[in-house]
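Coordinate analysis (summary)
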Amino acid sequence: SHGKAVSIGMAIIAKAGQNFGFCDKDTYIKIINILTKFGLPTFAECSAEQLYYCALSDKKRAGIRVNLIIPREIGNCIIKPTPVSDLLTFIKAGL
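Nothing here was measured: the structure is a model prediction, and the numbers come from that model. (Residues numbered from 1 in each chain as written. Predicted model: local features only at pLDDT ≥ 70, side-chain atom pairs only at ≥ 80, totals over all residues. Heavy atoms only, no water.)

Evaluated as defined, the whole model comprises two aromatic pairs. Plain terms: the ring middles of Phe 20 and Phe 90 are 5.3 Å apart, the flat faces sit at 20° to each other, and that makes the pair stacked. Of this pair, Phe 20 sits in the loop between helix 1 (2-19) and helix 2 (25-37) while Phe 90 sits in helix 4 (residues 84-94), and the two are 70 residues apart along the sequence. Pairing Tyr 52 with Tyr 53 gives two aromatic rings, centres 5.2 Å apart and planes at 70°, and the pair type is edge-to-face. (Phe/Tyr/Trp six-rings, centres within 6.5 Å; stacked < 30°, edge-to-face > 60°. Helix = DSSP H or I, 4+ residues; strand = E, 2+ residues; numbered from the N terminus.)

And the structure:
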């Protein structure tokens, strides 16, 4: 379902955000715990490449860029315009 895909995306973005220094480990863990508490998935049985190709059709994509919504902390996110060419690296950092 769309909700499950959003949950998985949130988990991936939060972990990548932690790995790239946008948020700390506590924020990442809080996000995972909230999703888990509500019975939502936090991972997919897909490769980074499969997720990348799915993300290319996301509504937040604008041509050669995709706007990533990255948590800084609970209730505080940034919008990071990201070249599509960097998206696969970001997804891999979140897996």
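Of all the residues in helix 4, the buried ones are Val 84, Leu 87, Phe 90, Ile 91, Ala 93 and Gly 94. Within helix 4, the buried residues cover an arc of 155° as seen down the axis, which keeps them to one side. (Buried < 20%, exposed > 50% of the residue type's maximum accessible area, 1.4 Å probe, protein only. Arc of directions from axis to C-beta.)

Side chains that differ in sign of charge can pair as their charged atoms come close. On inspection of all chains with the given rule, the structure shows one salt bridge. In this structure, Lys 92 and Glu 49 form a salt bridge, with 3.6 Å as the shortest nitrogen-oxygen distance. Taken together, the positions of Lys 92 in helix 4 and Glu 49 in helix 3 (residues 48-55) put the pair 43 residues apart, joining distant regions of the chain. Taking the relative accessible area as the measure of exposure, Glu 49 reaches 36% and is therefore partly exposed. (Salt bridge = Lys/Arg side-chain N within 4 Å of Asp/Glu carboxyl O.)

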